[in-house]
Amino acid sequence: GTFTAPYLIYRAALAKLASRPSRPLAQRARLRAEVTRLLGKIERFSESSPANHKHHALLIRAELERVSGRHSQAMSYYEGAITAVESSQFIIDRAICHELTGRFYAGWGKRRLALASLQQAWSVYRNWGAIAKCDQMSRAYNHDFSARLPIGLQPSATTSRGARASSNHNRD
């Protein structure tokens with residue numbers, strides 16, 4: 001259908017960017033060009049259906065900025081992706097946006113921001129029922145996300161309630 005192809009393009013772009021560090025330097029430019037081409041496709045889908053694809057385009061842009069070392073631009077795109085996905089019913093995309101934002105902040109040395117984003121991702125995954133993913137995150141980040149964060153770093157109540165409320169719609 002019309003949603004499956006764009007979603008696979010989005011996930012392919014994220015997978016290519018995730019594999020970038022392990023690629024030889026000569027392949028990285030080609031990989032960036034491939035991702036940029038995929039982003040163009042997602043942006044065309046986003047124009048006709050922003051509720052379904054705007055957050056995909058923004059997240060891919062954020063990841064492209066991250067791998068280019070442009071932190072302030074990346075931060076802006078990550079925040080835009082989170083804002084766009086929060087109003088959607090795409091639970092898994094919410095978790096992915098928060099997790100990649102957390103990884104970005106961790107890589108940039110912004111520990112408090114990283115933990116807040118990763119906590120939000122963990123909460124969305126947990127509310128969706130992805131317990132194995134929650135366990136994987138706890139091991140990968142050597143952090144007990146089930147413990148409460150200090151005041152000011154708590155995931156937003158609206159997001160957590162929204163994730164729980166709409167999670168039944170996305171399990172099919």
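Residues numbered from 1 in each chain as written. Predicted model: local features only at pLDDT ≥ 70, side-chain atom pairs only at ≥ 80, totals over all residues. Heavy atoms only, no water.

> I would appreciate a short explanation of the overall build of the protein in the present structure.
Secondary structure summary: the protein contains eight helices and zero strands in total. When the 172 residues of the protein are sorted by exposure, 41% land in the buried category. Looking at the protein alone, contacts between residues at least 24 apart form 60% of all its contacts between residues at least 6 apart. In the form shown here, the protein has an accessible surface area of approximately 9,100 Å², with 54% of it arising from carbon and sulfur atoms. (Helix = DSSP H or I, 4+ residues; strand = E, 2+ residues; numbered from the N terminus. Buried < 20%, exposed > 50% of the residue type's maximum accessible area, 1.4 Å probe, protein only. Contact = heavy atoms within 4.5 Å. Areas by Shrake-Rupley, 256 points an atom, 1.4 Å probe, with all protein chains shown as cover.)

> Hey, could you run me through the pattern of salt bridges in this one?
Should their charged atoms come close, side chains of opposite charge can pair. For the structure shown, the criterion picks out seven salt bridges. For the salt bridge of lysine 16 with glutamate 34, the shortest nitrogen-to-oxygen distance reads 2.9 Å. Here the residue lysine 16 occupies a position in helix α1 (residues 4-19), and glutamate 34 occupies one in helix α2 (residues 25-48), the gap between them amounting to 18 residues. On the accessibility criterion, lysine 16 (24% relative accessible area) is partly exposed. We classify glutamate 34 as partly exposed; its relative accessible area is 22%. The salt bridge partner of arginine 70 is glutamate 65, with a shortest N-O separation of 2.5 Å. On the accessibility criterion, arginine 70 (33% relative accessible area) is partly exposed. With a relative accessible area of 12%, glutamate 65 lands in the buried category. (Salt bridge = Lys/Arg side-chain N within 4 Å of Asp/Glu carboxyl O.)

> Looking at this model, I keep getting lost on α1. Mind explaining?
Owing to its 3.6 residues per turn, the α-helix aligns residues three or four sequence positions apart on the same side. Taking 1.5 Å per residue as the helical rise, α1 with its 16 residues ought to reach 22 Å, and the 22 Å between its terminal C-alpha atoms agrees with that figure. Residues of α1 that are buried: Pro6, Tyr7, Ile9, Tyr10, Ala13, Leu14, Leu17 and Ser19. Where the residues of α1 are buried, they touch α2, α3 (50-67) and α5 (91-107). (Expected span 1.5 Å × (residues − 1).)

> Looking at this model, I keep getting lost on the layout of surface pockets. Mind explaining?
The space that makes up the largest pocket amounts to roughly 310 Å³. Residue lining of the largest pocket: 16 residues in total, with Leu14, Ala18, Ile96, Leu100 and Arg103 positioned closest to the centre. Looking at the lining of the largest pocket, the elements that each hand over two or more residues are α1, α3 and α5. By residue class, the composition of the lining of the largest pocket is ten nonpolar, no polar and six charged. (1 Å grid on protein atoms, 1.4 Å probe; cavity = no way out; pocket = protein on both sides within 12 Å on 5 of 7 lines; lining within 4 Å. Points joined across faces, edges and corners; volume = space filled by probe spheres on them. Nonpolar A, V, L, I, M, F, W, Y, C, P; charged D, E, K, R; others polar.)

> Before we go on, may I ask you to explain the nonpolar core in this structure?
Where a protein is soluble and globular, its nonpolar side chains tend to be buried together. Counting residues in hydrophobic clusters, the biggest one holds 41 residues, and the most contacted among them are Tyr10, Leu59, Ile60, Ile96 and Tyr125. Among the secondary structure elements, those contributing two or more residues to this core are α1, α2, α3, α4 (71-86), α5, α6 (111-128) and α7 (131-140). Setting aside its immediate chain neighbours within four residues, isoleucine 60 contacts Tyr10, Ala13, Leu14, Leu17, Val35, Leu39 and Ile42. (Core = buried A, V, L, I, M, F, W, Y, C linked by side-chain atoms within 4.5 Å.)

> Teacher, can you tell me more about the packing of α4 against α5 here?
The description of two packed helices rests on the angle between their axes and on the distance between the axes. Contact geometry for α4 and α5: axes closest at 9 Å, N-to-C directions at 160°. Between α4 and α5, the angle is such that the two are roughly antiparallel. When the axes of α4 and α5 are compared, the crossing they make is left-handed. Touching His71, Ala74, Met75, Tyr78, Glu79, Ala81, Ile82, Val85 and Glu86 of α4 are Asp93, Arg94, Cys97, His98, Leu100, Thr101, Phe104 and Tyr105, all from α5. A per-class count over the contact of α4 with α5 returns ten nonpolar, three polar and four charged. (Axes fitted to C-alpha atoms, helices over the stretch in contact; angles between N-to-C directions. Parallel < 35°, antiparallel > 145°, perpendicular 65-115°, else oblique. Left-handed = near helix turned anticlockwise from the far one by under 90°.)

> Please explain α3 as it appears in this structure.
Look at α3: 25 Å from first C-alpha to last across 18 residues, which is about the 26 Å you get at 1.5 Å a residue. Within the sequence span of α3, burial applies to His53, His55, His56, Ala57, Leu58, Leu59, Ile60, Ala62, Glu63, Leu64, Glu65 and Val67. Its buried side turned inward, α3 meets α1, α2, α4 and α5. Positive backbone phi, approximately 80°, marks glycine 69, located one or two places after α3.

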